[in-house]
Amino acid sequence: MTERVDKVNVYLRDSLNVGCLRGFTYFSLYPRVREELLVNIPLTPGNTTTTESFRRFGVISPTFDSSNESEEFNDPGSVVFLIGCYARYKHPYVWARSNLQTLSTLNVDPRLKTSTSREVPLELPSTSSWKDQSIRVWHIIAELVSFTLPVEAHTNLFKIDYAHFESMSPLEGSLAAASMAAFLKRIYLSNDRTADSVLKDLQWVISFHFNNVPLPKSINTTNQTLTQSHTTQTSIQNKT
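Below you will find a few notes about this structure. (Residues numbered from 1 in each chain as written. Predicted model: local features only at pLDDT ≥ 70, side-chain atom pairs only at ≥ 80, totals over all residues. Heavy atoms only, no water.)

Observations concerning the nonpolar core
For soluble globular proteins, nonpolar side chains are generally found buried alongside one another. Judged by nonpolar contacts, the single largest core of 49 residues is most densely connected at Phe27, Ile141, Phe158 and Phe183. Among the secondary structure elements, those contributing two or more residues to this core are α1 (2-19), β2 (36-42), β3 (78-86), β4 (91-96), α5 (137-148), α7 (170-188) and α8 (199-212). Considering every element that reaches this core, the biggest residue donor is α5, with 8 residues. Each residue touching Ile141, except ones within four places of it in the same chain, is listed here: Val18, Phe27, Leu29, Leu37, Val39, Ile83 and Phe158. Counting residues in each nonpolar core, the second largest holds 5 residues, with Leu38, Val80, Tyr86 and Trp95 among its members. (Core = buried A, V, L, I, M, F, W, Y, C linked by side-chain atoms within 4.5 Å. Buried < 20%, exposed > 50% of the residue type's maximum accessible area, 1.4 Å probe, protein only. Helix = DSSP H or I, 4+ residues; strand = E, 2+ residues; numbered from the N terminus. Contact = heavy atoms within 4.5 Å.)

The structure is reproduced here in structure tokens:
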């Protein structure tokens, strides 16, 4: 039992950390409470629901009156899932939060259509094998993306949107890139089948971070002095 509780705590910590990341191409995330993570997958990649849109959603427990949510997740342009890992279950499960009737008409993997009610979790390989295998939250996210979108094999399911980082101020962008780099590094160093696919984006966010991290004033002053000194020396050499 203790081992299972420890495994749940590791999962919940990962879920919160990953849920705070922004800038993915194929999905967007929003952690509502420690146990709940919303995954929004646009049917047109890149058209992600904003964090501001997610903020209006209240907390959903595993059992609830689905009629109260008829308006919240009826966007025909995306599919929304809830990954929940509650104390009563000690196990992560996935619930469809988009309209099930709409979901049944989409060209998605049949395993996303296994539930007849939004109160019943989906039967997915990742959650089904969670007890016996080392399943992390990003495995579940990747599975949802690959089941929802017509992506090819070896596609980087965690592909990042460069424009998202480039639109930020240098400080915000460098910090966001550092957080993303830490996450992609964990995937790259793992034995996952998606490990190699994230390398290009990992290299990009590392480079972006160091190119945009603000330097302390003292270093900037030193760099300016060195530049001015070099310019002066060059000017003297040209005169002679």
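Comments concerning the pairing of β2
Among the 7 residues in β2, 7 count as buried, and that is most of the element. Residues Glu36, Leu38, Asn40 and Pro42 line one face of β2 and the alternating positions Leu37, Val39 and Ile41 line the opposite face, and both faces are buried. Of the strand pairs in this sheet, strand β1 (residues 28-33) and β2 are connected by 5 bridges, and their pairing is antiparallel. Residue pairing for β2: Tyr30 is matched across the bridge by Leu38. Hairpin connection from β1 to β2: 2 residues lie between these consecutive antiparallel strands. One ladder, built from 7 bridges, connects β2 with β3; its direction is antiparallel. If you follow Glu36 over to β3, its bridge partner there is Gly84. (Pairing = 2+ DSSP bridges.)

Brief notes about the side chain of Thr148
Relative to the helices and strands, Thr148 resides in helix α5. Using a relative accessible area of 3% as the deciding quantity, one classes Thr148 as buried.

Here's the deal with the pattern of salt bridges
One pass over the structure, following the stated rule, counts 3 salt bridges. Arg136 is the salt-bridge partner of Asp14, the closest N and O atoms lying 2.7 Å from each other. Of this pair, Asp14 sits in helix α1 while Arg136 sits in the loop between α4 (125-128) and α5, and the two are 122 residues apart along the sequence. The exposure class assigned to Asp14 is buried, which follows from its relative accessible area of 1%. Between Arg32 and Glu36 there is a salt bridge whose closest N-O contact spans 3.5 Å. (Salt bridge = Lys/Arg side-chain N within 4 Å of Asp/Glu carboxyl O.)

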